[in-house]
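Residue-level listing of the chains:
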2 protein chains.
Amino acid sequence: MAIRQIIDFVAIKAACENCRLAALCLPAGLEAPDLKRLEQLVRRPHPLRRGAALFRASDRMHAIYAVRAGSFRTYYLAEDGREKVLGFYLPGELLGFDGLGSGQHRCTADALETASVCELPLAQLQELADRLPSLNHQLYRLMSQEIAHDQEMLLLLSDKNAQERLATFLLNLAQRFGKRGFSAGEFHLSMSRQNIANYLGLTLETVSRTFSQFQREGLLSVERRHVRLLDKRRLSVMAGPGRPASSSTAT
Amino acid sequence: MAIRQIIDFVAIKAACENCRLAALCLPAGLEAPDLKRLEQLVRRPHPLRRGAALFRASDRMHAIYAVRAGSFRTYYLAEDGREKVLGFYLPGELLGFDGLGSGQHRCTADALETASVCELPLAQLQELADRLPSLNHQLYRLMSQEIAHDQEMLLLLSDKNAQERLATFLLNLAQRFGKRGFSAGEFHLSMSRQNIANYLGLTLETVSRTFSQFQREGLLSVERRHVRLLDKRRLSVMAGPGRPASSSTAT
DNA sequence: GCGCCTCTTTGACTCAGATCAAAGACGCCA
DNA sequence: TGGCGTCTTTGATCTGAGTCAAAGAGGCGC
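From a predicted model like this one, the values you see are computed outputs, not experimental measurements.

Novice: I'm lost on the packing of helix 6 (residues 162–179) of chain B against helix 8 (residues 204–216) of chain B in this one. Help?
Specialist: Helices that pack against each other are described as a pair by the angle of their axes relative to one another and the distance between those axes. Residue and element names in this part refer to chain B. Running from amino to carboxyl end, helix 6 crosses helix 8 at an angle of 75 degrees, the nearest separation of the two axes being 10 Å. If you check the angle between helix 6 and helix 8, you find them roughly perpendicular. Listed contacts from helix 8 to Ala162, Gln163, Leu166, Ala167 and Leu170 of helix 6 are Thr206, Val207, Thr210, Phe211, Gln213 and Phe214. Its residues assigned to classes, the contact of helix 6 with helix 8 shows seven nonpolar, four polar and no charged.

Okay, structure coming up:
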């Protein structure tokens, strides 16, 4: 228990320095005491196993989450059971404000591997926001980024071919990994081909074939879920227009 | 001039009763004096002609707009000049908060026909919002609806075929016209086939062919831009899953 | 009233990616 | 250590929508 607390403490510290929570609180012009109060709100539930849901569509929203470790996927279910993958979330990224308007989540988030989060309880966050205009501003900014991401995806889905889609996706992941201190040239995909395909509006076969093709052309090397980008220059030419910054609420 | 003022006055009154501005101010639990203050912010610029821009991508955002008459389209330009149509806005609908996060618009809005708006200047709106938590809430709700719309479109673009897309689009328009007191069964399309196609991720030829096909099958009658829906039941079966409520920030 | 321009429709052909099918590859658990 | 289930790759075939092309149909200005 004592050990566990030490570990947790280190983790919190690491998270708050790197993660998107910083964008939520630090540059918001909060005074030191306000900032401390915000940090006191943070709760840290137990880790989730692969496949476990962080929240589900139509759940009452009661927190915003920051990924601490592992990764998540959000998706939403059509009435007939088809699912649409909306995004992937890496350590340091925020998710869950899709329900800010209605108070209900509109999509489901589940863990792609064992993962843990920091939780910002909504009630207290809102109370704080009502007194701190700058906090509201941060929330607008975050929702705005969500919109930006979705609109990039609209462009990708209506204009881009399979190669452009996959290249865009990989470069975006690389950028996000890089920004969080991981390697931007070599990484592990925590999502299946099926999930990538669904996210990109393709079939898993097409994704698989396109990976193989990229490898044949020397753009990258791939073995199952391990990817190394060998020629980012050429990849970004392939990815086509629209900042490669697409792929998730991430920035 | 006197006459013009009278007309304007009537128009304001009509707009504030029907339009989405109501969702922004009326049910927000504002006290009467606050509400009056909000209404005093409203400005009414001159009408725009077909093709004229209400705001442009990368413009500094200085207002939220409510469509008073006519209709608008929003689109955004990729670096290579390709454009992607993001949405259409009918009388009573709100647009322009894509820039709430950054203070800059991310897309361009232009008039599809002669059109006019009510304008809520951002500076004053924000000032008011900083003192009225419920107004912030309304803004969250509106942004949230924008996200909901975009996500419906993601589903449409990755899963639906041409017929499903067009059926979804037409039913959505019908629903929105109906909600605003126009006929939900028969209406005029203010946007070209090209715009519809771009919005739906198709080519204009495919849109045109699909219209013809629907007509052959007795689902609707169409002549240029005049559409009459003859069998909504069957159309909504065609449209497939996902509330037909897609198509714009509208609700 | 004529000519021009934009928008729309329709046809013929092509192709990227979906679908169908089957065979490896790996991880997990008993 | 072996067997099973899931994930991935690869091949063969099919098809919906894109592309290219051409002809009608309004609308508008002169």
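Having seen the structure, we can now continue with the description.
Novice: When you look at the protein's contact with DNA strand C in this model, what are you seeing that I'm missing?
Specialist: The environment of DNA strand C is formed by 19 residues, the closest being Ala162 and Thr206 of chain A together with Arg193, Arg209 and Ser212 of chain B. Taken together, the sugar and phosphate atoms account for 63% of what DNA strand C places within 4 Å of the protein. Here a phosphate oxygen of DNA strand C and a side-chain polar atom of Thr206 of chain A are 2.5 Å apart. Interatomic distance of 3.1 Å between a side-chain N/O atom of Arg225 of chain B and a phosphate oxygen of DNA strand C. Elements represented by at least two residues in the surface near DNA strand C include exactly helix 8 (204–216) of chain A together with helix 8 of chain B. No other element matches the five residues that helix 8 of chain B contributes to the surface near DNA strand C. Classifying every residue of the surface near DNA strand C by side-chain character gives three nonpolar, seven polar and nine charged.

Novice: How should I be thinking about the protein's contact with DNA strand D in this particular structure?
Specialist: The environment of DNA strand D is made up of 18 residues, and the closest members are Arg193, Arg209 and Ser212 of chain A together with Ala162 and Thr206 of chain B. Contact distances for DNA strand D include 2.4 Å between a phosphate oxygen and a side-chain N or O atom of Ser212 of chain A. With five residues, the top contributor of residues to the surface near DNA strand D is helix 8 of chain A. Looking at the surface near DNA strand D residue by residue, the class counts come to three nonpolar, seven polar and eight charged.

Novice: Can you walk me through helix 4 (residues 122–131) of chain A in this structure?
Specialist: Spacing of three or four residues puts side chains on the same side of an α-helix, whose turn is 3.6 residues. Leu122, Leu125, Leu128 and Ala129 of chain A are the residues of helix 4 of chain A that are buried. Viewed along the axis of helix 4 of chain A, the buried residues span an arc of 130 degrees, placing them on a single side of the element.

Novice: Even after reading the chapter, I still don't get the nonpolar core, so can you show me in this structure?
Specialist: The tendency in soluble globular proteins is for nonpolar side chains to be buried as a group. By size, the foremost hydrophobic cluster in this structure holds 106 residues, and its most contacted members are Phe169 and Phe211 of chain A together with Phe169 and Phe211 of chain B. Leu100 and Tyr140 of chain A together with Leu94 and Leu142 of chain B belong to the second-largest nonpolar core, a separate cluster that totals 42 residues.

Novice: Can you help me understand the relation of the copies chain B and chain A in this one?
Specialist: Turning one copy of the chain about an axis and sliding it along that axis gives the other copy, so a rotation and a shift relate them. With an RMSD of 0.0 Å, the operation that places chain B on chain A is a rotation of 180 degrees combined with a shift of 0.0 Å along the axis. Considering both components of the superposition, the chain copies are consistent with a two-fold axis. Both copies share a contact surface, since 100% of the interface residues of chain B are interface residues in chain A too.

Novice: Can you help me understand the interface of chain B and chain A in this one?
Specialist: Put simply, an interface is often sized by how much accessible area is lost when its parts join up. Across the contact, 38 residues belong to chain B and 38 residues belong to chain A. Note on chain B versus chain A: buried area summed over both sides is about 4,200 Å², and carbon and sulfur give 56% of it. Note that Arg82 of chain B and Asp159 of chain A form a salt bridge whose closest N and O atoms lie 3.4 Å from each other. Only strand 4 (83–89), helix 4 (122–131) and helix 5 (133–159) of chain B provide two or more residues apiece to the side of chain B that touches chain A. Tallied by class, residues from the side of chain B that touches chain A come to 15 nonpolar, ten polar and 13 charged.

Novice: Quick question: what am I supposed to make of the sheet that holds strand 1 (residues 53–55) of chain B here?
Specialist: The strands that make up a sheet are held in pairs by hydrogen bonds between backbone atoms, and each pair lies either parallel or antiparallel. Pairing in this open sheet of four strands is antiparallel, and the strands run 1-6-3-4 (chain B) from one edge to the other. The open sheet has two free edges, formed respectively by strand 1 and strand 4 of chain B, since each of these has just one partner strand. Across the sheet, the mean angle from the axis of one strand to that of its neighbour is 30 degrees, orientation sign disregarded. One ladder, built from six bridges, connects strand 3 (residues 72–77) of chain B with strand 4 of chain B; its direction is antiparallel. Across the sheet, the residue bridging to Phe72 of chain B is Tyr89 of chain B, located in strand 4 of chain B. Against the sheet, helix 5 (residues 133–159) of chain A touches strand 3 and strand 4 of chain B, its axis set at about 120 degrees to strand 4 of chain B. Across the face of the sheet, helix 7 (residues 193–200) of chain B comes into contact with strand 3 and strand 4 of chain B while running at roughly 105 degrees to strand 4 of chain B.

Rules used throughout
- Residues numbered from 1 in each chain as written.
- Chains lettered and ligands numbered in written order.
- Predicted model: local features only at pLDDT ≥ 70, side-chain atom pairs only at ≥ 80, totals over all residues.
- Heavy atoms only, no water.
- Axes fitted to C-alpha atoms, helices over the stretch in contact; angles between N-to-C directions.
- Helix = DSSP H or I, 4+ residues; strand = E, 2+ residues; numbered from the N terminus.
- Parallel < 35°, antiparallel > 145°, perpendicular 65-115°, else oblique.
- Contact = heavy atoms within 4.5 Å.
- Nonpolar A, V, L, I, M, F, W, Y, C, P; charged D, E, K, R; others polar.
- Near = heavy atom within 4 Å.
- Polar contact = N/O pair within 3.5 Å; in protein donor to acceptor, adjacent residues only side chain to side chain.
- Buried < 20%, exposed > 50% of the residue type's maximum accessible area, 1.4 Å probe, protein only.
- Arc of directions from axis to C-beta.
- Core = buried A, V, L, I, M, F, W, Y, C linked by side-chain atoms within 4.5 Å.
- Least-squares fit on C-alpha atoms with pLDDT ≥ 70 in both.
- Buried area = accessible area lost by both parts, 1.4 Å probe.
- Salt bridge = Lys/Arg side-chain N within 4 Å of Asp/Glu carboxyl O.
- Pairing = 2+ DSSP bridges.

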